Amino acid sequence: MKVNGQDFKTVWREGASVFLIEQNILPFEFKIFESKNYIQTCLAITTMLVRGAIALEAAAAYALVQAFLEAPTNDLWNYVDKAKKEIEATRPTAVNLFYAVKRVYDTAKNSIDPVAASQVEAEKMVAESITATKKIGEYGAELLKDGMNIETHCNAGWLGCVDWGTALSPMYIAHRAGKKIFVYADETRPRGQGSRLTAWELQNEGVPHAIIPDNAGAHLMSQGKIDLMIVGADRIASNGDTANKIGTLEKAIAAKYFGVPFYVAAPLATFDLHCLSGKDIKIEERGEDEVLFQTGVDEAGQLKKVLVCSPGSHAINPGFDVTPAELISGIITEKGIIPANTESIKQLQLLFLGD
Ligand code: MRU
């Protein structure tokens, strides 16, 4: 996607360096971070300089490539195995991160030139993810009719992927095709992925939108102001239960009550068939500072972190929740839109996923 007329990806690699759009300081500053080794890339993941399931997939794959490139030739696998564990320990919920590490590692392990193989496989995977997110956009755009108002939660746009987005990709394709759509972006406390990242993306693309407080969705639905909701996903269990950013579950319950179709958009890499239901999905607990403090710019344009809660109070900060499959109208994948149930996901597995 374009920023100031220039094409950008969220994450890319040049040799041993990984380049990442610094999402922590968007929308106030647009900066690129150059990570020179796998430890720096791990830190970029834990501090959420890069975040979003599909962007994490690329960042994790590239982190492992960095480890292969850094490893001493006489101790390659010890070095890489340690790096693999550290990358996998960065964030627990988005399955794409684990998918990427396993895919690159397994390919390298079965190759006579593991360092070269890791690079080829990582690039192949990232290219596939870009194609998948564009396809998700094309399938999802068929749901979007002229004049529709769509709500979305968190950031499931191109910043959360490498390009295009998952939930936002259909909106970009529909908008570029000339359909008049309006997007309500949930602000998504505590980190503001909606108010900071989704809103910034939509503005760049010229898609009409408004930021709404996290607790406004049900009210707008009750007034008939939301025609459809699309969210992304961090892990989809084999029965269709879906983990996504905290707050998604409340929206899905409200959508069901008010008869608003509620769609999840995700590539096949987000399905975790080892999880039989949402109960098997590990939910990340993040630090309380994300709730207690907010970062923004003051009148002078200076970036500041300020306390926004009662001093001395503690906070609890679950990063994700699980929406039961029965609340989901359909899952928009790169292979088409499927019902969120065991049979359809099994079918998808038989056709495309293998073991
Ligand atoms: O904690 P985050 O910002 O990594 O969480 C991201 C989400 O939950 C997104 O909705 C999800 O990854 C969408 S798919 C790009």
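Whatever comes next refers back to the structure up there.
Structure report, in brief. This one's a predicted model, so the numbers in the text were calculated from it and none came from an experiment.

So, how was this worked out
- Numbering of residues starts from 1 in each chain and follows the order in which that chain's sequence is written.
- For a predicted model such as this one, the threshold for reporting local features is a pLDDT of at least 70, and the threshold for listing and counting side-chain atom pairs is 80 or more; totals across whole chains, interfaces and linings nevertheless cover every residue.
- Side-chain metrics rest on all non-hydrogen atoms present in the structure, leaving aside hydrogens and water.
- One heavy atom within 4 Å of a molecule or strand makes the whole residue count as near it.
- Polar contacts, as counted here, are pairs of nitrogen or oxygen atoms within 3.5 Å of one another; within protein the pair requires one atom able to donate a hydrogen and one able to accept it, and residues that are adjacent in sequence qualify only if both atoms are side-chain atoms.
- Using a 1.4 Å probe, accessible areas were evaluated by the Shrake-Rupley method; residue-level cover was limited to the displayed protein chains.
- Residues are called lining when one of their atoms sits within 4 Å of a cavity or pocket point, these points coming from a 1 Å grid over the protein atoms alone, where a cavity is a set in which a 1.4 Å probe fits but cannot get out and a pocket is an open set with protein on both sides within 12 Å along at least five of seven lines.
- Assignment of a molecule to a cavity or pocket requires that more than half of its atoms lie within 2 Å of the corresponding grid points.
- Each helix is a run of H or I in the DSSP string that is no shorter than four residues. Each strand is a run of E no shorter than two, and both are numbered from the N terminus.
- Residues are sorted three ways: Asp, Glu, Lys and Arg are charged, Ala, Val, Leu, Ile, Met, Phe, Trp, Tyr, Cys and Pro are nonpolar, and all the rest, Gly among them, are polar.
- Each Phe, Tyr or Trp ring, with Trp reduced to its six-membered ring, pairs with another whose centre is within 6.5 Å; inter-plane angles below 30 degrees give stacked pairs, above 60 give edge-to-face pairs, and intermediate values give tilted ones.
- For every residue, the accessible area (1.4 Å probe, protein chains only) is compared with the maximum for its type, and the residue is labelled buried under 20%, exposed over 50%, or partly exposed between those bounds.
- Whether a charge sits over a ring comes down to the Lys NZ or Arg CZ being within 6 Å of the ring centre and within 35 degrees of the ring normal.
- For this document, the term salt bridge refers to a Lys or Arg side-chain nitrogen within 4 Å of an Asp or Glu carboxyl oxygen.
- Simply put, an axis is a line fit to the C-alpha atoms, just over the touching stretch for a helix, and the angle between two N-to-C directions goes from 0 to 180 degrees.
- In this scheme, roughly parallel covers angles under 35 degrees and roughly antiparallel covers those over 145, while 65 to 115 is roughly perpendicular and the rest are oblique.
- Should the near helix be turned anticlockwise from the far one by less than a right angle, the crossing is termed left-handed; should it be turned clockwise, right-handed.
- Throughout, a contact is declared for two residues whenever any of their heavy atoms are within 4.5 Å.
- Grid points are joined across faces, edges and corners, and a volume is the space filled by probe spheres set on the points.
- Paired strands, in this sense, are two strands between which DSSP finds at least two bridges.

**Thoughts on the site of the ligand**
Phase 1: Taken together, the neighbourhood of the ligand is formed by 19 residues, with R91, Q193, D234, N244 and K245 sitting nearest.
Phase 2: Between G52 and the ligand, the recorded distance is 2.9 Å, taken from a backbone N or O atom to an oxygen atom.
Phase 3: One nitrogen or oxygen atom from the side chain of N244 is found 2.8 Å from an oxygen atom belonging to the ligand.
Phase 4: Look at the ligand: alone it shows 420 Å² of surface, and the protein chains cover 100% of it.
Phase 5: More than half of the atoms of the ligand fall within 2 Å of the grid points belonging to the largest cavity.
Phase 6: For the shell around the ligand, the secondary structure elements donating two or more residues are α2 (53-70) and β11 (242-245).
Phase 7: Each residue belonging to the shell around the ligand can be placed in one class, and the counts come to eight nonpolar, seven polar and four charged.

**What to know about the packing of aromatic side chains**
Phase 1: For the structure on display, the rule yields 10 aromatic pairs.
Phase 2: Aromatic pair Y38 and Y79: ring centres 5.9 Å apart, planes at 85°, arrangement edge-to-face. In this pair, Y38 is assigned in helix α1 (residues 38-46) and Y79 in helix α3 (residues 76-88), connecting sequence segments 41 residues apart.
Phase 3: Between W158 and W200, the ring centres sit 6.3 Å apart and the planes meet at 35°, which makes this aromatic pair tilted. With W158 in the loop between β6 (149-152) and α6 (169-176) and W200 in helix α7 (residues 193-205), this residue pair connects regions lying 42 residues apart in the sequence. Grouping residues by exposure puts W158 and W200 together as buried.
Phase 4: Each member of the aromatic cluster is reached from another via a ring pair, and the members are F8, W12, F19, F30, W158 and W200.
Phase 5: We note K84 situated over the ring of Y105; from NZ or CZ to the ring centre the distance is 5.1 Å.
Phase 6: Positioned above the aromatic ring of F293, the side-chain terminus of K305 is 5.1 Å from the ring centre.

**Digging into the side chain of N244**
Phase 1: On the secondary structure map, N244 appears in strand β11.
Phase 2: In terms of polar contacts, N244 uses its side chain to reach the backbone amide nitrogen of A233, at 3.4 Å.

**Details of the pattern of salt bridges**
Phase 1: Summed over the entire model, instances satisfying the criterion amount to 18 salt bridges.
Phase 2: Close ionic contact of R286 with E284 constitutes a salt bridge, the shortest N to O distance being 2.8 Å.
Phase 3: Relative accessible area serves as the criterion here: at 6%, E284 is assigned to the buried category.
Phase 4: Bridged by salt links that share partners, the residues R91, R191, E284, R286 and E290 form one connected network.

**Considerations on the packing of helix α4 (residues 95-109) against helix α5 (residues 114-141)**
Phase 1: Packing of α4 against α5 brings their axes to within 8 Å, and their N-to-C directions diverge by 140°. Here α4 is positioned oblique relative to α5, judged by the angle of their axes. Once α4 is placed against α5, the crossing between them reads as right-handed. Where α4 abuts α5, its residues Y99, A100, R103, V104, T107 and A108 lie against P114, A117, S118, E121, A122, K124, M125 and E128.
Phase 2: The class makeup of the residues in the contact of α4 with α5 is eight nonpolar, two polar and four charged.

**What about empty space enclosed by the protein?**
Phase 1: Within this structure, the stated rule accounts for two cavities of 30 Å³ or more.
Phase 2: Volume-wise, the largest cavity comes out at about 200 Å³.
Phase 3: In this structure, the largest cavity is lined by 25 residues; those nearest its centre are R51, G52, A53, N155 and D234.
Phase 4: Mapped onto the lining of the largest cavity, the elements with two or more residues apiece are α2 and β11.

**Details of the environment of A185**
Phase 1: Tracing the backbone through its elements, the reader meets A185 in strand β7 (residues 182-186).
Phase 2: For the pair A185 and S195, spaced 10 residues apart in sequence, the C-alpha to C-alpha distance is 6.8 Å.
Phase 3: If we skip the residues at most four places from it in the chain, A185 touches T152, G194, T198, A210, I211 and I212.

**Description of the sheet that holds strand β10 (residues 235-237)**
Phase 1: Taken in spatial order, the four strands line up as β13-β10-β11-β16 in an open sheet, and their pairing is mixed. At either end of the open sheet lies a strand with only one pairing partner, and these are β13 (271-272) and β16 (320-323).
Phase 2: Across two bridges, β10 lies against β11 in antiparallel orientation. Note that in β11 the partner of I236 across the bridge is T242.

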